[in-house]
Amino acid sequence: MMNAIPPDADRVVFDRKELNLILSTYGRFVAAGEWRDYGMSFLRDAAVFSIFRRAAEHPLYRVEKRPRLRTAQGAYAVIAMDGRILKRGHDLAQVLRVLDAKLIRSVD
C-alpha cells in the first residue's frame, strides 16, 4: 500500500486563509505602486513570503510563519530588509497591520 503523505509533508506552508491575508496586503501595495514582486519559500522550520520593490533586489520585507514559536512570541513575524522584527504575534492579520502604517505614510 502506498504512503498517503505528500513528499513535502516536512515543510512549513501557508494555508489558504493565511495566503489570502498576505496577498490582500500585497495587492494594496502593488496598486499603490510600492511593490512589484514576491517570492515564497517553504522550508523545514518556516514558510517565508518575501516582498520586493523590484525582482533583482533583496526583499524589502519578509512575512514568516514559524510554528515552533507559536507558544512563545507567536508563529508570525514581519521582518524588515535589515533584519529587524517589525511585529511578531499569534494573529497574522494583526501582525500584517504593521505594513498598513507604511502604506499610509508612503501615500501622503
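Remember, predicted model here, so these are calculated numbers, not experimental data.

Reading the values: rules and limits
- Residues numbered from 1 in each chain as written.
- Predicted model: local features only at pLDDT ≥ 70, side-chain atom pairs only at ≥ 80, totals over all residues.
- Heavy atoms only, no water.
- Pairing = 2+ DSSP bridges.
- Helix = DSSP H or I, 4+ residues; strand = E, 2+ residues; numbered from the N terminus.
- Phe/Tyr/Trp six-rings, centres within 6.5 Å; stacked < 30°, edge-to-face > 60°.
- Buried < 20%, exposed > 50% of the residue type's maximum accessible area, 1.4 Å probe, protein only.
- 1 Å grid on protein atoms, 1.4 Å probe; cavity = no way out; pocket = protein on both sides within 12 Å on 5 of 7 lines; lining within 4 Å.
- Points joined across faces, edges and corners; volume = space filled by probe spheres on them.
- Nonpolar A, V, L, I, M, F, W, Y, C, P; charged D, E, K, R; others polar.
- Core = buried A, V, L, I, M, F, W, Y, C linked by side-chain atoms within 4.5 Å.
- Contact = heavy atoms within 4.5 Å.
- Axes fitted to C-alpha atoms, helices over the stretch in contact; angles between N-to-C directions.

Asks: It is not clear to me how the pairing of strand β1 (residues 37-42) should be interpreted in this structure. Could you clarify?
Replies: Along a regular strand, successive side chains alternate from one face of the sheet to the other. Taken together, the six bridges between β1 and strand β2 (residues 47-52) define a ladder with antiparallel strand orientation. Along β2, the bridge assignment pairs methionine 40 with phenylalanine 49. Two successive antiparallel strands, β1 and β2, enclose a turn made up of four residues.

Asks: Looking at this structure, how should I read the packing of aromatic side chains?
Replies: Aromatic ring pairs are defined here through the distance separating the ring centres and the angle between the ring planes. Applying the stated criterion to the full structure yields seven aromatic pairs. Plain terms: the ring middles of tyrosine 26 and phenylalanine 49 are 5.9 Å apart, the flat faces sit at 75° to each other, and that makes the pair edge-to-face. With tyrosine 26 in helix α1 (residues 16-31) and phenylalanine 49 in strand β2, this pair connects stretches of sequence that are 23 residues apart. In this structure, tyrosine 26 and phenylalanine 49 share a single accessibility class: buried. Arranged with centres 6.0 Å apart and planes meeting at 55°, the rings of tryptophan 35 and tyrosine 61 form a pair that is tilted.

Asks: What am I meant to see in the layout of surface pockets here?
Replies: Where empty space is left in the structure can be found by rolling a water-sized probe over the atoms. In this structure, the largest pocket occupies an estimated 190 Å³ of space. Residues that form the lining of the largest pocket fall into these classes: seven nonpolar, one polar and four charged.

Asks: I'm lost on the nonpolar core in this one. Help?
Replies: Within soluble globular proteins, side chains that are nonpolar generally end up buried alongside one another. Counting 20 residues, the largest nonpolar core has Trp35 and Val63 as its most contacted members. Counting residues per element, the ones that place at least two in this core are α1, β2, β3 (61-65), β4 (76-80) and α2 (92-107). Tallying contributions element by element places α2 first for this core, with five residues. Not counting the four nearest positions on each side in its chain, tryptophan 35 is found in contact with Thr25, Tyr26, Phe29, Val30, Ile51, Phe52, Arg53, Leu60, Tyr61 and Leu99.

Asks: Explain the sheet that holds β3 to me, please; I cannot follow it from the model alone.
Replies: Hydrogen bonds between backbone atoms are what pair the strands of a sheet, whose relative direction is either parallel or antiparallel. The antiparallel open sheet is built from five strands, whose spatial order is β1-β2-β3-β4-β5. Edge strands, defined here as strands with exactly one partner in the open sheet, are β1 and β5 (85-89). Within this sheet the neighbouring strands show an average axis-to-axis angle of 15°, counted without direction. Direction of pairing for β3 relative to β4: antiparallel, over a ladder of five bridges. Within the sheet, the bridge partner assigned to valine 63 lies in β4 and is valine 78.

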